[in-house]
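Coordinate analysis (summary)
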Amino acid sequence: MQQIYQKTLLEPIVFEGVGLHSGKLSKVRILPGAADQGIIFKRTDLKNNNLIPANYKNVSSAKLCTTLMNEFGAKVSTVEHLLAALYISGIDCAIIEINNEEVPIMDGSAKNFLNVFKQVNLKDLKRKRKYLKILDTVELKDGSKQISIEPNENFEVDFQLKYENKIIGNQQNNINFHEDDLSDVVESRTFCLYEDIEKIKKLGLGQGGSLENAVVVSEEKVLNNGGLRNKKEFVNHKILDLAGDFLLS
């Protein structure tokens, strides 16, 4: 059953960690939000014009992560895992204070965020939750990539990955966010190919990446101790990313 009223946190929560691309330590404090406020990032290292609403209109880049930027140029990046955790937890309104320009990557999934959210109580706000209803099919194609959004009573994602790498290969999964067990999606980590690491570093990205927060795949095997967390971890992580990005709508 869809929840009727907007929800927020009853008390603040705090966590910190390293940014995947910047390599910088970030401290995050999530505060209760007001009704109809939505999710707003606040850069505490900036004195002025430091509020960045989590809105699709503020997406400035989607290169290897989702970056939001307000009209004054203040940015916050790698927001997708935290936003997915907020969506899965049913949190509609919150202020996210952060003292850096990148959300910590934690273990590369949304598991750490969800574990923290489970420890705090939520409260109903005195305004009804708003829903988007898809009336017509919308499709976008970019070369061999394509995405379509179709009418549905729930948020359901059917995702297929196509990689030449034989370890990743062609993975497909269908997840209904209202009916399915989301454990595998929540714990699935960001990933990259071993041969792409130097390219990423040359772009000035991936400075905080390690086998502690990302799955690294060579031609023959997964390089992380313990291997994968679930059989479809690659496509499940993409589904997690998509859920976080869709929260921006």
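Note that the structure is a prediction, hence the values are computed from the model and not measured.

Quick look at the sheet that holds strand β7 (residues 67-69) now. A sheet is described by the order of its strands in space; here three strands give the open sequence β6-β7-β8, paired in antiparallel fashion. The sheet is open, and its two edges are formed by β6 (59-61) and β8 (75-77), each paired on a single side. Averaged over all adjacent pairs, the angle separating strand axes in this sheet is 35 degrees, with direction ignored. Alignment of β6 against β7, held across two bridges, turns out to be antiparallel. Residue pairing for β7: Ser61 is matched across the bridge by Thr67.

Glancing now at the nonpolar core. Counting 40 residues, the largest nonpolar core has Ile30, Phe41, Leu82 and Phe117 as the members making the most contacts within it. Of all the elements in the fold, those that place two or more residues in this core are β2 (13-18), β3 (25-32), β4 (39-43), α1 (80-89), β9 (94-98), α2 (111-118), α3 (183-187) and α5 (233-246). A total of five residues in this core trace back to one element, the largest contributor, which is α1. Excluding residues within four positions of it along the chain, Phe117 makes contact with Leu9, Ile13, Ile30, Leu82, Ala85, Leu86, Ser89 and Ile91. Formed by nine residues, the second largest nonpolar core is a distinct cluster that contains Leu161, Phe191, Val217 and Phe234.

Below, the discussion takes up unusual backbone geometry. Unlike most non-glycine residues, Asn49 shows phi in positive territory, near 50 degrees. Given the relative accessible area of 41%, Asn49 is considered partly exposed. With a phi angle near 65 degrees, Leu64 is a residue other than glycine that sits in the positive phi range. Here Leu64 lies in the loop between β6 and β7.

Judged by side-chain polarity, Ile134, Val138, Leu140, Ile147, Ile149 and Phe246 come together as a nonpolar surface patch covering roughly 480 Å² of accessible area. Elements with a minimum of two residues in the nonpolar patch: β11 (138-142) and β12 (145-149). Of note, Ile134 is situated in the loop between β10 (122-128) and β11.

Moving on: the packing of aromatic side chains. Within this structure, the stated rule accounts for seven aromatic pairs. The structure contains a cluster of three or more aromatic residues connected by ring pairs, namely Tyr87, Phe155, Phe177 and Phe246.

The rules behind these values
Residues numbered from 1 in each chain as written. Predicted model: local features only at pLDDT ≥ 70, side-chain atom pairs only at ≥ 80, totals over all residues. Heavy atoms only, no water. Pairing = 2+ DSSP bridges. Helix = DSSP H or I, 4+ residues; strand = E, 2+ residues; numbered from the N terminus. Axes fitted to C-alpha atoms, helices over the stretch in contact; angles between N-to-C directions. Core = buried A, V, L, I, M, F, W, Y, C linked by side-chain atoms within 4.5 Å. Buried < 20%, exposed > 50% of the residue type's maximum accessible area, 1.4 Å probe, protein only. Contact = heavy atoms within 4.5 Å. Patch = residues over 30% accessible without salt bridge, like charges linked within 9 Å, V, L, I, M, F, W, Y side chains within 5 Å. Areas by Shrake-Rupley, 256 points an atom, 1.4 Å probe, with all protein chains shown as cover. Salt bridge = Lys/Arg side-chain N within 4 Å of Asp/Glu carboxyl O. Phe/Tyr/Trp six-rings, centres within 6.5 Å; stacked < 30°, edge-to-face > 60°.

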